[in-house]
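Chain by chain, the residues:
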Amino acid sequence: MKKIFVALFAVFCLSGCDLSKYQLVEEFDFETVFEKSTGKETATYAQVIKYYKQLGTAYPTIKLMEFGKTDSGEPLHLAVFSKGENFDFAQLREDHTIILINNGIHPGESDGIDATMMLFRDLAQDSVPVPKNTILATIPVYNIGGALNRNSSSRTNQNGPLEYGFRGNARNYDLNRDFIKADTRNTRSFSEIFHLVQPDIFVDTHVSNGADYQYTLTHLFTQKDKLGGELGDYMDKRMKPSFEKSLWEHEWEITPYVNVFNEVPEKGFVQFLDSPRYSTGYTTLWNTLGIMIETHMLKPYKERVKGTYRALQTIIEIGERDRATIKDLRARAQRKYLTERYYPLDFKADSSNISKLQFKGYEAKRVESDVTGEKRLEYDQSKPFTKEIEYYDNFIPTERIEIPRAYVIPKGWWNVLEILKSNKVIMTPFKNDTTILVEVSHIDDYSTRDKVYEGHYPHYNTSVKKTRDSIKFRKGDLYIKTFQPAVRYLIETLEPTAEDSFFNWNFFDSILQQKEGFSPYVFEDTAKKLLEGNPELKKEFDEKKRSDREFSQNSYAQLSWIHKQSDHYEKAHLRYPVFRVSR
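Quantities reported herein were computed from a predicted structural model and do not represent experimental measurements.

Cut-offs used in this document
Residues numbered from 1 in each chain as written. Predicted model: local features only at pLDDT ≥ 70, side-chain atom pairs only at ≥ 80, totals over all residues. Heavy atoms only, no water. Helix = DSSP H or I, 4+ residues; strand = E, 2+ residues; numbered from the N terminus. Buried < 20%, exposed > 50% of the residue type's maximum accessible area, 1.4 Å probe, protein only. Contact = heavy atoms within 4.5 Å. Areas by Shrake-Rupley, 256 points an atom, 1.4 Å probe, with all protein chains shown as cover. Lys, Arg positive; Asp, Glu negative; His and termini not counted. Charge placed at Lys NZ, Arg CZ, Asp CG, Glu CD. Expected span 1.5 Å × (residues − 1). Axes fitted to C-alpha atoms, helices over the stretch in contact; angles between N-to-C directions. Parallel < 35°, antiparallel > 145°, perpendicular 65-115°, else oblique. Nonpolar A, V, L, I, M, F, W, Y, C, P; charged D, E, K, R; others polar. Salt bridge = Lys/Arg side-chain N within 4 Å of Asp/Glu carboxyl O. Polar contact = N/O pair within 3.5 Å; in protein donor to acceptor, adjacent residues only side chain to side chain. Pairing = 2+ DSSP bridges. Core = buried A, V, L, I, M, F, W, Y, C linked by side-chain atoms within 4.5 Å. pLDDT = per-residue confidence, 0-100. Phe/Tyr/Trp six-rings, centres within 6.5 Å; stacked < 30°, edge-to-face > 60°. Lys NZ or Arg CZ within 6 Å of the ring centre and 35° of its normal.

Enquirer: Please clarify how the overall build of the protein should be interpreted in this entry.
Expert: A tally of helices and strands in the protein yields 17 helices and 21 strands. Expressed as lengths along the three principal axes of its C-alpha atoms, the size of the protein is roughly 100 × 75 × 45 Å. For the protein, with 583 residues in total, the buried portion stands at 54%. Contacts spanning at least 24 positions in sequence make up 77% of the contacts within the protein whose residues lie at least 6 apart. When the accessible surface of the protein is totalled, it reaches about 27,400 Å², and 47% of it is carbon and sulfur. Here the protein carries 81 positive and 84 negative side-chain charges, and the mean point of each set is 3 Å from the other.

Encoded structure:
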């Protein structure tokens, strides 16, 4: 049992008194719930926070801080280990690698919660190698509402622990889909932490399934081509191989996240593309090296926690060893997007450039189900194999956009501006009414999900038509230069065709509905005058009637078409209210 006896002194007595008689002794027990249960149980939320508070009391190298609120009403905590007992990130980030570990985003996947508790204790007690130039920070439990919703049944296939939290947060959001739309207080508080810490490496701990195989550990590094440039090359060619090799040397084999569902992995699979809605996709927008540790839910809980612990140690070792390289490459990546003309906005797997994996799986077959009578997938763990399989981890951009000099957003879109502000976006309000020549986008086409997804009906396949126009902006509207650290975040959220743009997350849906209309019996006369006074418009109208039979038989559609060509048609309809200022 790991214990520490902390002496507390009463200093309120008069000068010359014997302080020793006021000495109090409190016993702290730093053996975790996981250890006490021999790997069968995980700590509750209250136990986790109490544990870190006691660590912070006992050891000057650890500090526990509170940030904002979460949907549960509880604050979000950040625990920090600093060998030099300095917790000022503004001072530390120049000479230290900063690693941020996010635990419990899905509280049923509790491996990282327990592993990180033990790691912080062991670092504080010098029972493992302590990095000199690395700062370790962790959000002990991110989804507090889910952690408080404790049960023993919602992780249907998972092999332990005995009890755990629930995937949805206090408002039933999956927080690992919320990093752009920021519907939850958890995400707003996370942004505060992230931009304070500004980590070089971000780690999110998870548990996954989808197939059966021999590995306890899998990894999901953020997609290298989307991270891009020299930083993406470093992650792919140096960081990832070093991570895998170190784990192998410590008798932990690991493979990329097995991105399949109800299918056998040996058929090959595509790397999961973490768009900005996900944690590592979001952190990529600030050129942070992101990795998810994904243990396999069918393996015993004790082994999964031990594997996560070793993986976290390995990341610390890499961060310590490659500090100068990581700092230099991140700085270069930042400069790259401040000076580049074009930005790759969307990606797809490159089917002509396939990697190979030596994969350790189990033989599987399709057998008749006793439940459904249909064919079911069945793995045979008595028949392990090692096979070379195809892995699609090379991606190519499918769309590139020219990076504007700036964006302009009218101040009325406060819902968007609040999220930009929480992400430390630099915005300058116009001091007076101002007219600027800008690029204007009109929504040309889009599709919408027919089922709700994380509180939204997101759009996709969005396309726009672009024109240039002089727009009058009001005093207080926001001018947002792209020459700032948030440039990638701005592009991914404000370009309407981006997968996780604010438009696709329904932030601007009010522009999709026409607000003013017409009465046909009145507009008939106006329409006649418009056509008589504009021969070119009349010619276009007649041609459309000739070529479009449905249109020619619908009088209201014809009047509506004429209305939309006139000054009576409202400018706001389908006009995207974020304007681009060209370079």
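Enquirer: Explanation requested: helix α4 (residues 111–124) in the structure shown.
Expert: An α-helix turns once every 3.6 residues. As a result, residues three or four positions apart point the same way. The terminal C-alpha atoms of α4 lie 20 Å apart, and with 14 residues this matches the ideal 20 Å at 1.5 Å per residue to within 8%. In terms of residue burial, α4 counts as a mostly covered element, since 14 of its 14 residues are buried. Among the residues trailing α4, D126 stands out with phi positive, at a value near 60°.

Enquirer: Would you take a moment to explain the packing of helix α2 (residues 45–58) against α4 for this structure?
Expert: If you want to describe how two helices pack, look at the angle between their axes and the distance between the axes. Relative to each other, α2 and α4 sit at 10°, their axes nearing to 11 Å. With respect to each other, α2 and α4 are oriented roughly parallel. For the pair formed by α2 and α4, the contact residues are V48, Y51, Y52 and L55 on the first element and I113, T116, M117, F120 and R121 on the second. For the contact of α2 with α4, the per-class residue count stands at seven nonpolar, one polar and one charged.

Enquirer: How do you make sense of the pattern of salt bridges when you look at a structure like this?
Expert: Summed over the entire model, instances satisfying the criterion amount to 43 salt bridges. Between R121 and E35 there is a salt bridge, and its shortest N-O distance comes to 2.6 Å. In this pair, R121 sits in helix α4 while E35 sits in helix α1 (residues 33–36), placing the two residues 86 residues apart along the sequence. In this structure, K299 and D212 form a salt bridge, with 3.9 Å as the shortest nitrogen-oxygen distance. Residue K299 is located in the loop between β11 (289–296) and α10 (301–321), and its partner D212 is located in the loop between β7 (201–208) and β8 (217–221); the two are separated by 87 residues in the primary sequence. Each member of the pair, K299 together with D212, is buried. In the salt-bridge network here, residues are joined through shared partners; they are E109, R155, R167, D174 and R177.

Enquirer: Could you clarify how one ought to interpret helix α17 (residues 555–564) in this entry?
Expert: When we look at burial in α17, the residues that qualify are Q558, L559, S560, W561, I562 and H563. Its side-chain oxygen at 3.1 Å from the backbone nitrogen of Y556, N554 defines the N-terminal cap of α17.

Enquirer: Quick question: what am I supposed to make of the sheet that holds β11 here?
Expert: Two pairing modes exist for strands in a sheet, parallel and antiparallel, and in both the strands are linked by backbone hydrogen bonds. One open sheet holds the eight strands; their spatial order is β3-β4-β6-β5-β7-β11-β8-β9, and the pairing between them is mixed. In the strand order of this sheet, the two ends are held by β3 (62–67) and β9 (254–256), each with one partner. Across the sheet, the axes of successive neighbouring strands diverge by a mean angle of 25°, strand direction being ignored. Against the sheet, α10 engages β5 (97–102), β6 (134–139), β7, β8 and β11, with an angle of about 160° to β11.

Enquirer: Could you clarify how one ought to interpret the nonpolar core in this entry?
Expert: Burial of nonpolar side chains together is a common tendency in soluble globular proteins. With 120 residues, the main nonpolar core has L78, L420, Y489 and F502 as its most contacted residues. Non-local contacts of Y489, meaning those with residues more than four positions away in its chain, are made with I180, Y282, L285, W286, I419, L420, N423, V425 and F502.

Enquirer: I keep staring at the sheet that holds strand β13 (residues 355–368) and nothing clicks. Help me out?
Expert: Taken in spatial order, the three strands line up as β10-β14-β13 in an open sheet, and their pairing is mixed. Among the strands making up the open sheet, the edge pair consists of β10 (269–270) and β13.

Enquirer: How do you make sense of the confidence of the model for the protein when you look at a structure like this?
Expert: Detailed reading of the predicted coordinates is not advisable wherever pLDDT is low. Per-residue pLDDT for the protein averages 95, and the proportion of residues at 70 or more is 96%. Low pLDDT, under 50, characterises residues 1–16; the predicted model gives this stretch 38 contacts beyond four residues in sequence or across chains. Scored below 50 in pLDDT, residues 18–25 makes 15 contacts in the model with residues more than four places away or belonging to other chains.

Enquirer: Would you mind showing me how to read the pairing of β13 here?
Expert: On a regular strand, each side chain points to the face opposite its neighbour's, so the side chains alternate between the two faces of the sheet. Direction of pairing for β13 relative to strand β14 (residues 375–392): antiparallel, over a ladder of 14 bridges. Bridging across to β14, K360 finds its partner in T386. Hairpin connection between β13 and β14: a loop of six residues separates the two successive antiparallel strands, and G373 in this loop has a positive phi of roughly 80°.

Enquirer: Hey, could you run me through unusual backbone geometry in this one?
Expert: Note the cis peptide between G160 and P161, where omega equals 5°. With phi around 65°, E251 is a residue other than glycine that occupies positive phi space. Here E251 is to be found in the loop between α8 (229–249) and β9. Not every positive phi belongs to a glycine, and N461 is a case in point at roughly 55°. Its place among the elements puts N461 in strand β19 (residues 459–473).

Enquirer: Explain the pairing of β7 here, please?
Expert: The buried fraction of β7 is high, at eight of eight residues. Burial of β7 is two-sided: the residues I201, V203, T205 and V207 facing one way and the residues F202, D204, H206 and S208 facing the other way are all buried. In the sheet, β5 pairs with β7 via four bridges, with the strands oriented parallel. By the bridge assignment, N102 is partnered in β7 with D204.

Enquirer: Please clarify how the side chain of Q313 should be interpreted in this entry.
Expert: Tracing the sequence through the fold places Q313 in helix α10. If sequence neighbours within four positions are ignored, Q313 has contacts with L119 and V128.

Enquirer: Where do I start with the environment of D111 in this structure?
Expert: Mapped onto the elements, D111 comes out in helix α4. Between the alpha carbons of D111 and V305 there is a distance of 4.8 Å; along the sequence they are 194 residues apart. A distance of 2.9 Å separates a polar atom in the side chain of D111 from a polar atom in the side chain of R304.

Enquirer: Would you mind showing me how to read the packing of helix α6 (residues 185–197) against helix α12 (residues 414–422) here?
Expert: In the contact formed by α6 and α12, the axes pass within 9 Å of each other and the chain directions differ by 35°. Residues R188, S191 and H195 of α6 lie in contact with α12, whose contacting residues are E418, I419 and S422. Looking at the contact of α6 with α12, its residues break down into one nonpolar, three polar and two charged.

Enquirer: What exactly am I supposed to notice about the packing of aromatic side chains here?
Expert: How two aromatic rings sit relative to each other is given by the distance of their centres and the angle of their planes. Taken as a whole and assessed by the stated rule, the structure comprises 40 aromatic pairs. Between Y215 and F359, the aromatic rings sit 5.6 Å apart at their centres with planes inclined by 55°, giving tilted as the arrangement. Of this pair, Y215 sits in the loop between β7 and β8 while F359 sits in strand β13, and the two are 144 residues apart along the sequence. Since its relative accessible area comes to 5%, Y215 is described here as buried. Above the ring of Y453, the side-chain terminus of R449 is found at 4.5 Å from the ring centroid. Its end group placed over the ring of F551, K544 keeps NZ or CZ at 4.9 Å from the ring centre.

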